[in-house]
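Examination of the molecular architecture
One letter stands for each residue in the lines below.
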Amino acid sequence: MSGANSDLMTLVAGIFGVLIVASVIGYILQQRLSPNGSNAAVENLNARIKAWWVMVILIGIAFIAGRIGVLILFGFCSFAALREFVTLINTRRADHWALAAAFFVVVPIQYFLLWAEQYGIFSIFIPVYAFLLMPIISVLRGDTERFLVRIAEVQWALMICVFCASHVPALLTLKIPGYEGRNVLLIAFLVIVVQLSDVLQYVWGKLLGRTKIAPRLSPSKTVEGFVGGIISATLIGTGLWWITPFAPLQAGLLALVITLMGFFGGLVMSAIKRDRGVKDWGNLIEGHGGLIDRLDSVVFSAPIFFHLTRYWWSL
Amino acid sequence: MKALPTKAAATVIVLFARAVTAVRAVWPEGGLPSRPCVYYANHSSHGDFVLVWTVLPPRLRHRARPVAGAEYWLKSWLNRFIGRDVFNAVLIARDRDKRTEDPVTQMASAIDAGSSLILFPEGTRNQSDARLLPFKSGIFHLAMARPDVDLVPVWISNLNRVMPKGEIVPIPLICTVTFGSALQIAPGEDKDVFLERMQAALLALSPNIVGGGE
C-alpha cells in the first residue's frame with residue numbers, strides 16, 4: 001500500500017513537473033508571439049494547458065477520494081459524454097422515455113455494478129439488457145419513422161459513452177496477484193499513455209507533419225505525427241512499467257496497443273462528427289471542445305486494455 | 001433587495017438548467033447593449049426564458065424581466081412564486097376582454113423603469129414543424145412606443161427536445177442560446193416590413209439542424 005502511495009506521489013510530482021514546464025513554455029510563447037492574443041495556435045495551446053491542469057487536479061482529487069471518488073468522476077464523465085452524444089443523434093418524441101432511461105437508469109446501474117464488483121452482470125448489462133430493453137421502450141410509442149436508425153444510435157451512444165468509458169474505473173476491480181492496492185496506477189498508466197499519445201501526435205505533426213494520413217476525416221493528422229506520436233508514447237509507456245504489474249516489454253506492447261486503439265478511436269469519432277456536420281462534440285472544456293473530444297481515444301482503448309490485463313494478469 | 005427564498009429559488013433553477021442543458025451562450029460581435037433593451041426569442045418551451053436568463057451576465061440578468069401570459073403564471077401558488085416573485089415577470093393578460101392594462105403600456109413602463117425584457121413575439125409555444133411562427137404585432141407596437149430601444153434577437157436551440165410538451169422528465173441535452181446584433185425600428189417603417197425584418201434576423205441565428213430531425 002505504501003509502495004502504491006510512493007509510486008503515486010512520484011507520478012504526481014512528474015506530471016506536475018511536466019505541466020509546469022508546459023505552462024512556462026506556453027507563457028514564453030505567448031509573450032513572444034501573441035502578446036495581444038492574436039496568434040490562434042498559441043492561444044489554443046495555452047487553453048489546452050490550462051484545461052490539463054484542471055483535468056489532472058480533478059483526477060488527483062478522485063484518486064485521493066479512492067474507489068468512490070473514481071467511480072463518481074467517471075459516472076459524471078459518462079453522463080456528460082452521453083449528453084454530448086445524444087445532442088447530435090436523431091431522436092424523436094417517441095424516444096423520450098428510452099433516452100430518459102439511458103441517462104437516469106442505465107448510467108447509475110452500470111456504475112453501481114462496478115461499485116458492487118459484479119463483473120458478470122457489469123460486462124453484459126449494456127450489450128444485452130439495455131440493447132434489448134431500450135428499443136422495447138421506444139417501440140411502445142408506435143412511431144416507426146426511421147426506427148432502426150434511432151434505436152441503433154441510442155445503443156451506440158450507450159456503448160461508447162457508458163459501457164466503454166466505464167472500463168477505465170473497472171480497472172480497479174481487477175485482482176492481480178502481487179499488485180493489491182495499486183490498481184489506481186493502472187488507470188494512471190492508461191490515461192497518461194493515451195493522452196500523451198494524443199499530445200505527442202499533435203506535437204510531432206506540428207514539427208514535421210507533411211503527409212496527411214486521413215485528409216477526409218481529420219485534416220490535421222499526419223503520417224509523421226502518427227508515427228512519431230505512437231513511437232514516443234509507446235516508449236514512455238515502456239518507461240512507466242514500474243507503476244504496472246507488467247515487465248518493461250509487456251508494458252511497451254500494451255502501450256502500443258493502447259495508442260493504436262486511441263488513434264483509430266479518434267478517427268472513428270471524427271468520422272461521426274463529420275457526418276453530423278460539427279467541429280467539436282461540445283464545449284465543456286475550454287480549448288478542448290467537448291468532453292468526448294478528449295475522451296475518444298481513452299474510450300476506445302480502455303475496454304481492450306482492461307480485457308488484455310484481465311485475461312493475462314488477473315485471477 | 002430580493003428576499004432570501006426567491007434568491008435561493010433562482011439559484012436552484014439556474015443550477016438545474018445548467019446541469020441538464022450545459023447551456024452555452026454565443027454573443028454577437030459587439031457584445032450586448034448595456035442599456036435596457038428587449039431580448040426577443042423563439043419560443044418552444046416554458047423553460048425558454050430560464051435559459052436566456054441563465055446565460056445573461058449577472059449585471060444584465062438582474063434587470064431582465066420575462067414577458068409572460070398572466071393566465072399561466074398566476075395559475076397556481078408555485079407558478080406565481082416562480083413567475084412573479086423569482087423572475088419578476090411582466091405578466092400580461094392574453095384575453096383582450098379581461099384586460100385591465102394594455103400590454104404595450106406595461107412593457108414600455110418596465111423599460112422606462114430601467115428593466116430589460118425577454119419577449120417571445122410568436123405569442124405562444126411553437127409546437128409546429130415550422131422553425132418560427134409568424135410574429136404577433138405586440139413587438140411592433142412596443143417598438144413604435146419606444147423607437148430608440150434596442151431589439152436583440154435570441155435563438156434558443158434544442159430546449160424543445162429536452163422537454164417536449166406533455167413530458168415530465170427532462171432529457172439532458174446541450175442547448176445553445178445565440179444572441180444577435182441589436183436592431184431598431186426605422187422611422188415610419190411599415191408593420192409587416194418591420195415584423196418580417198425581425199423574423200429574418202432571428203432565423204439567421206438558427207443553426208443548421210443537427211439531430212432531432214423531427
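Residues numbered from 1 in each chain as written. Chains lettered and ligands numbered in written order. Predicted model: local features only at pLDDT ≥ 70, side-chain atom pairs only at ≥ 80, totals over all residues. Heavy atoms only, no water.

Observations regarding the overall build of chain B
The test is simple: Strands are runs of DSSP state E lasting at least 2 residues, helices are runs of H or I lasting at least 4, and numbering of each runs from the N terminus. Radius of gyration means the value over C-alpha atoms here, while the globule rule gives 2.2 Å times the residue count to the 0.38 power. Buried means the residue's accessible area, taken with a 1.4 Å probe over protein chains only, is under 20% of the maximum for its type, while exposed means over 50%, and partly exposed covers the values in between. Any two residues whose heavy atoms approach within 4.5 Å are treated as being in contact.
When you go through chain B residue by residue, the secondary structure sums to 9 helices and 7 strands. Relative to the globule expectation of 17 Å for 214 residues, the C-alpha radius of gyration of chain B, 16 Å, shows essentially globular dimensions. In terms of principal-axis extent, the alpha carbons of chain B reach across some 45 × 40 × 35 Å. Taking all 214 residues of chain B together, the buried fraction comes to 52%. Counting only contacts in chain B whose residues sit at least 6 apart along the sequence, the fraction spanning at least 24 positions is 75%.

A short note on the pairing of strand β7 (residues 176–179) of chain B
All names here are of chain B. Test applied: Two strands form a pair only when DSSP identifies at least two bridges running between them.
Alternating positions in β7 separate into two faces, Thr176 and Thr178 on one and Val177 and Phe179 on the other, with burial throughout. Across 3 bridges, the pairing between strand β1 (residues 24–26) and β7 is parallel. From the neighbouring strand, Ala25 faces β7, where its bridge partner is Val177. Judged from the 4 bridges that link them, strand β6 (residues 150–157) and β7 form a sheet pairing that is antiparallel. Bridged to Ile156 within β7 is Val177.

Considering the sheet that holds β1 of chain B
Residues and elements named next belong to chain B. Cut-off, in case you're wondering: Orientation is described by axes fitted as lines to C-alpha atoms, over the contacting stretch for helices, and by angles from 0 to 180 degrees between their N-to-C directions.
If you trace the 7 strands from one edge of the open sheet to the other, you get β1-β7-β6-β2-β5-β3-β4, paired in mixed fashion. In this open sheet, the two strands that pair with only one neighbour each are β1 and β4 (90–92). Each neighbouring strand pair of the sheet contributes to a mean axis angle of 25 degrees, computed without reference to strand direction. When strand β3 (residues 64–69) meets strand β5 (residues 116–119), the two strands line up parallel, connected through 3 bridges.

Some points on the packing of helix α7 (residues 138–145) of chain B against helix α9 (residues 191–203) of chain B
For any two helices packed against each other, one specifies the crossing angle of their axes together with the interaxial distance. Residues and elements named next belong to chain B. Heads up, the rule is: Angular relationships are summarised with four words: roughly parallel below 35 degrees, roughly antiparallel beyond 145, roughly perpendicular across 65 to 115, and oblique for the angles in between. Just so you know the grouping, Ala, Val, Leu, Ile, Met, Phe, Trp, Tyr, Cys and Pro go in nonpolar, Asp, Glu, Lys and Arg go in charged, and all remaining residues, Gly too, go in polar.
At a closest axis distance of 10 Å, the pairing of α7 and α9 adopts a crossing angle of 105 degrees. When the interaxial angle is binned, α7 and α9 end up roughly perpendicular. Residues Ile139, Phe140 and Ala143 of α7 form the contact with α9, whose own contacting residues are Lys191, Phe194, Leu195 and Met198. When the residues that make up the contact of α7 with α9 are grouped by side-chain class, the tally is 6 nonpolar, no polar and 1 charged.

Observations concerning the interface of chain A and chain B
How we decide: Buried area is understood as the total, over both parts, of accessible area removed when two parts are fitted together, assessed with a 1.4 Å probe. Salt-bridge detection follows one rule: a side-chain nitrogen of Lys or Arg within 4 Å of a carboxyl oxygen of Asp or Glu. Here a polar contact is taken to be a pair of N or O atoms separated by no more than 3.5 Å, where protein atoms must pair a possible hydrogen donor with a possible acceptor and residues adjacent in sequence count only if both atoms sit in side chains.
Contact with chain A, which involves 23 residues of that partner, is made by 24 residues of chain B. The largest per-residue losses of area from chain A upon contact with chain B belong to Arg83, Arg93 and His96 of chain A, which jointly make up 34% of the total buried on that side. Our count for the contact surface shared by chain A and chain B stands at 2 salt bridges. Two residues, Glu167 of chain B and Arg141 of chain A, come together in a salt bridge whose shortest N-O distance is 3.0 Å. One can count 8 residue pairs in polar contact (both at pLDDT 80 or more) joining chain A with chain B. Secondary structure elements with two or more residues in the side of chain A that touches chain B: α2 (40–88) and α3 (96–115) of chain A.

A closer look at the environment of Lys50 of chain A
Residue and element names in this part refer to chain A. Of note, Lys50 is situated in helix α2. The exposed category is assigned to Lys50, whose relative accessible area is 51%. As a C-alpha pair, Lys50 and Ala271 span 221 residues in sequence and 27 Å in three-dimensional space.

Concerning the packing of aromatic side chains
Let me state the cut-off plainly: Only centres within 6.5 Å qualify two rings of Phe, Tyr or Trp (six-membered ring in Trp) as a pair; their planes then separate them into stacked at under 30 degrees, edge-to-face at over 60, and tilted for everything else.
Enumeration over the complete set of coordinates arrives at 24 aromatic pairs over all chains. Each ring, one from Phe112 of chain A and one from Trp115 of chain A, has its centre 5.9 Å from the other, and the planes form 35 degrees; the classification is tilted. In this pair, Phe112 of chain A and Trp115 of chain A both sit in helix α3, 3 residues apart, roughly one turn of the helix. Residue classification places Trp115 of chain A among the partly exposed positions, given a relative accessible area of 41%. Considering the side-chain rings of Trp53 of chain B and Phe87 of chain B, the 4.8 Å spacing of their centres and the 80 degrees angle between planes classify their relative orientation as edge-to-face.

What about a nonpolar patch on the surface?
Note the cut-off: Residues with no salt bridge and a relative accessible area higher than 30% make up the patches, which join like charges within 9 Å and nonpolar side chains (Val, Leu, Ile, Met, Phe, Trp, Tyr) within 5 Å. In these tables, accessible area is a Shrake-Rupley quantity obtained with a 1.4 Å probe, and a residue counts as shielded only by the protein chains included in the view.
Together, Ile121, Ile124, Val128, Tyr129, Phe131, Leu132, Leu133, Ile136, Val139 and Leu140 of chain A make up an exposed nonpolar region whose accessible area comes to about 900 Å². Checked against the element boundaries, Leu140 of chain A lands in the loop between α4 (119–139) and α5 (147–164).

Observations concerning the confidence of the model for chain B
Operational definition: In predicted models, pLDDT denotes the confidence assigned by the predictor to each residue on a 0 to 100 scale.
Residue-level pLDDT values for chain B average 87, and 96% of them are 70 or greater. Note on the complex model: pTM 0.86, ipTM 0.79.

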